[in-house]
Amino acid sequence: MEKKITPYKGSSLNKKEQVEQMFDNISENYDGLNRVISFGIDVKWRKKVIKLVEATKPKSALDIATGTGDLAISLAKTGATEIIGLDISEGMLSVGRKKIASEKLSDKIKMVQADSEALPFEDNSFDAITVAFGVRNFENLEKGLTEIYRVLKPKGIFVVLETSVPTKFPFKQGYKFHSTVMLPAIGKLFSKDKVAYSYLSESAAAFPYGEKFNNILRKIGFINVEDRPQTFGVATIYTASKN
């Protein structure tokens, strides 16, 4: 990423520490606000991610930047018997563990607090790795992707769901208004962290989406790289594999 976007401008903490602090702050009402802000469309996008993973019949799966565990919980539908949800924010993981327990999936899904740029797993550990709305929060994007490549098994699938920016009228203009005006305003009204949703908007706009991200994945060593724009281009699903 050419420009480094951080949650708290002027903070002495690095981006990683700021992101951890921000998600700890907003963890309690994150799920509800997400549904409002995305009009619930993010649920449909996640279902598409799960279908792509399910088609590969994974035995082990890792969901990075798992947050409150929505995608990790959905990965149980793929048939994977070992699922790990990893996040830097203990606040988000705490909410996720409660959801997992209520779904009676605690024996199948383990939530781990760790740094996505220093994954605590051996090489070639997982058949499938997913990240939903998390790669833009990496402090060093290429370092995080290199770690993912390392722990993915050969022929394993890597799926990323991330925001992107529509290029066609009127979706481009509508997206800009929603992300720069509506999203921060809703965040300020309903979140105790008044800058968090401004950061989420800014980081989405700065992310190298589309072919730029495809090229970064190829540079790391991923093969079979594809991107699938969703809902007029406001999000994109990327898939990749490893030799």
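Source: prediction; values computed, not measured. (Residues numbered from 1 in each chain as written. Predicted model: local features only at pLDDT ≥ 70, side-chain atom pairs only at ≥ 80, totals over all residues. Heavy atoms only, no water.)

(A) Spatial organisation of unusual backbone geometry. Even without glycine at this site, Asn124 takes up a positive phi of about 55°. Its location among the elements puts Asn124 in the loop between β3 (109-113) and β4 (126-132). The backbone of Asn224 shows a phi angle near 50°, a positive value even though the residue is not glycine. Position of Asn224 among the secondary structure elements: in strand β6 (residues 223-230). Classification of Asn224 as exposed rests on a relative accessible area of 54%. (Helix = DSSP H or I, 4+ residues; strand = E, 2+ residues; numbered from the N terminus. Buried < 20%, exposed > 50% of the residue type's maximum accessible area, 1.4 Å probe, protein only.)

(B) Main features of the pairing of β3. The pairing of strand β2 (residues 82-87) with β3 spans five bridges and is classified as parallel. Residue Gly85 lies in a different strand from β3, and its bridge partner there is Met111. (Pairing = 2+ DSSP bridges.)

(C) Main features of the sheet that holds strand β1 (residues 60-64). If you walk across this open sheet you meet the seven strands as β3-β2-β1-β4-β5-β7-β6, and the pairing is mixed. One side of each edge strand has no neighbouring strand; the edge strands of this open sheet are β3 and β6. Going from strand to strand, the sheet's axes swing by 15° on average, the running direction of each strand aside. Bridge count between β6 and strand β7 (residues 235-241): six bridges; the pairing is antiparallel. Note on β7: the bridge partner recorded for Ile223 is Ser241. (Axes fitted to C-alpha atoms, helices over the stretch in contact; angles between N-to-C directions.)

(D) The packing of aromatic side chains, seen in detail. Inspection of the entire model under this criterion finds seven aromatic pairs. Relative to Phe222, the ring of Phe158 lies with its centre 5.2 Å away and its plane at 25°, an arrangement referred to as stacked. Here the residue Phe158 occupies a position in strand β5 (residues 152-163), and Phe222 occupies one in the loop between α9 (211-220) and β6, the gap between them amounting to 64 residues. Since its relative accessible area comes to 1%, Phe158 is described here as buried. By relative accessible area, which is 3% here, Phe222 ends up buried. If you follow Lys242 out to its NZ or CZ, it ends over the ring of Tyr149, 4.9 Å from the centre. (Phe/Tyr/Trp six-rings, centres within 6.5 Å; stacked < 30°, edge-to-face > 60°. Lys NZ or Arg CZ within 6 Å of the ring centre and 35° of its normal.)

(E) Structural view of the nonpolar core. Counting residues in each nonpolar core, the largest one holds 29 residues, and the members touching the most others are Leu62, Leu145, Ile148 and Phe158. Apart from residues lying up to four places away in sequence, Leu62 is in contact with Ile84, Leu86, Leu119, Phe121, Phe126, Ala128, Ile129, Thr130 and Val151. One finds Trp45, Ile50, Ala76 and Ile109 within the second-largest nonpolar core, a separate group that totals 25 residues. (Core = buried A, V, L, I, M, F, W, Y, C linked by side-chain atoms within 4.5 Å. Contact = heavy atoms within 4.5 Å.)

(F) View of a nonpolar patch on the surface. Together, Phe177, Val181 and Met182 make up an exposed nonpolar region whose accessible area comes to about 260 Å². Mapping Met182 onto the fold places it in helix α7 (residues 171-190). According to the relative accessible area criterion, Met182 is partly exposed, its value standing at 34%. (Patch = residues over 30% accessible without salt bridge, like charges linked within 9 Å, V, L, I, M, F, W, Y side chains within 5 Å. Areas by Shrake-Rupley, 256 points an atom, 1.4 Å probe, with all protein chains shown as cover. Salt bridge = Lys/Arg side-chain N within 4 Å of Asp/Glu carboxyl O.)

(G) Fine view of the packing of α7 against helix α8 (residues 196-206). Two elements in contact, α7 and α8, have axes whose closest approach is 7 Å; the angle formed by their N-to-C orientations is 160°. One element, α7, and the other, α8, form an angle in the roughly antiparallel class. Two packed elements cross with a definite hand, and for α7 against α8 that hand is right-handed. Judged by residue contacts, Tyr175, Ser179, Thr180, Leu183, Pro184, Gly187 and Lys188 of α7 engage Tyr197, Ser198, Ser201 and Ala204 from α8. Considered class by class, the residues forming the contact of α7 with α8 number five nonpolar, five polar and one charged. (Parallel < 35°, antiparallel > 145°, perpendicular 65-115°, else oblique. Left-handed = near helix turned anticlockwise from the far one by under 90°. Nonpolar A, V, L, I, M, F, W, Y, C, P; charged D, E, K, R; others polar.)

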